[in-house]
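Topology and contacts: notes
Next come the chains, spelled out residue by residue.
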Amino acid sequence: MRFVKGHGTENDFVILPDPEGRLDLSAELVSRLCDRRAGIGGDGILRVVPSTFVAEAERYAAQAEWFMDYRNADGSVAEMCGNGVRVFARYLVDAGLATAGEFGVATRDGVKRVRLGMAGDVTVDMGRPKILGESRTWLNGREYRGLNVNMGNPHLACVIDDPVTELDLDAQPRYDHAVYPDGVNIELINPVGDHAVSMRVYERGSGETRSCGTGAVATAVAAAYASGEKTGVWKVRVLGGTLKITLDPDTSYLTGPAALVASGEYHDIAI
């Protein structure tokens, strides 16, 4: 099985080219591939497959030739991944499957328009964030309240006073299952300057990751909400770097680096 390894602000992915739509990604296989000791290692899988070969993406084929089939490290299916779609776009251009500039990528959350800049950054139109009220999480014996933000996938973004650098995110923070029956990505946020925040994230299906693109947008939404704002440009500092979020009245944009770092073949007798 051919693979490419890439990351966006150290949120890393195993990219699987599947131009003929033949790969059958079981949850077990995804988990083995993402295993950092026995596999390749990654926060998730990006299967690169033509939109026409996937029933749930066929309707997008006229707008986006390629479908990003994203899976979390535990094998579960995810609706959207902001860092992943940037890395996916970088792969398409480097592999000669798309031309640098602006084009569409099909996802389970619809078609995302991506733009590759000259300096290596990739910008994604992430769509309009949906604020669905407030909720809460419990972590390290403390309760934190935050915004329920949907970016195609669910987020609980909490602006807190406790230093996020001191939090223990080895285990899944508790949350309200009635609000998030399918699980939730949880962001813990500290303001660190003018329109700048520091964030750590626990992603459903992957655990703590060094970055989360959809989570960074949800973070900017929560930070703006706490400041009495709805639009603006925010810098979100994650463990793996810095992302720029632009909040417009009708949509949001995620800008950050995307790098491809390795390629090879995966051998597993269980495949």
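Residues numbered from 1 in each chain as written. Predicted model: local features only at pLDDT ≥ 70, side-chain atom pairs only at ≥ 80, totals over all residues. Heavy atoms only, no water.

Let us now look at helix α2 (residues 82-94). Here α2 contains 13 residues, and its C-alpha end-to-end distance of 19 Å stays within 8% of the 18 Å for a straight helix at 1.5 Å per residue. Along α2, twelve of the 13 residues are buried, which leaves the element largely enclosed by surrounding structure. Those residues of α2 that fall on the buried side of the exposure criterion are Gly82, Asn83, Gly84, Val85, Arg86, Val87, Phe88, Ala89, Arg90, Tyr91, Leu92 and Val93. Where α2 ends, the next residue or the one after it, Gly96, has phi of about 75°, a positive value. (Helix = DSSP H or I, 4+ residues; strand = E, 2+ residues; numbered from the N terminus. Expected span 1.5 Å × (residues − 1). Buried < 20%, exposed > 50% of the residue type's maximum accessible area, 1.4 Å probe, protein only.)

Applying the stated criterion to the full structure yields one cavity of 30 Å³ or more. Put simply, the largest cavity is a space of about 80 Å³. Lining the largest cavity are 13 residues, and of these Asn72, Met80, Asn153, Asn185 and Glu203 lie nearest its centre. At the level of elements, β4 (66-72) and α3 (213-226) are the ones that each hand at least two residues to the lining of the largest cavity. Looking at the lining of the largest cavity residue by residue, the classes come out as five nonpolar, six polar and two charged. (1 Å grid on protein atoms, 1.4 Å probe; cavity = no way out; pocket = protein on both sides within 12 Å on 5 of 7 lines; lining within 4 Å. Points joined across faces, edges and corners; volume = space filled by probe spheres on them. Nonpolar A, V, L, I, M, F, W, Y, C, P; charged D, E, K, R; others polar.)

The values reported here are purely geometric and, on their own, carry no functional implication.
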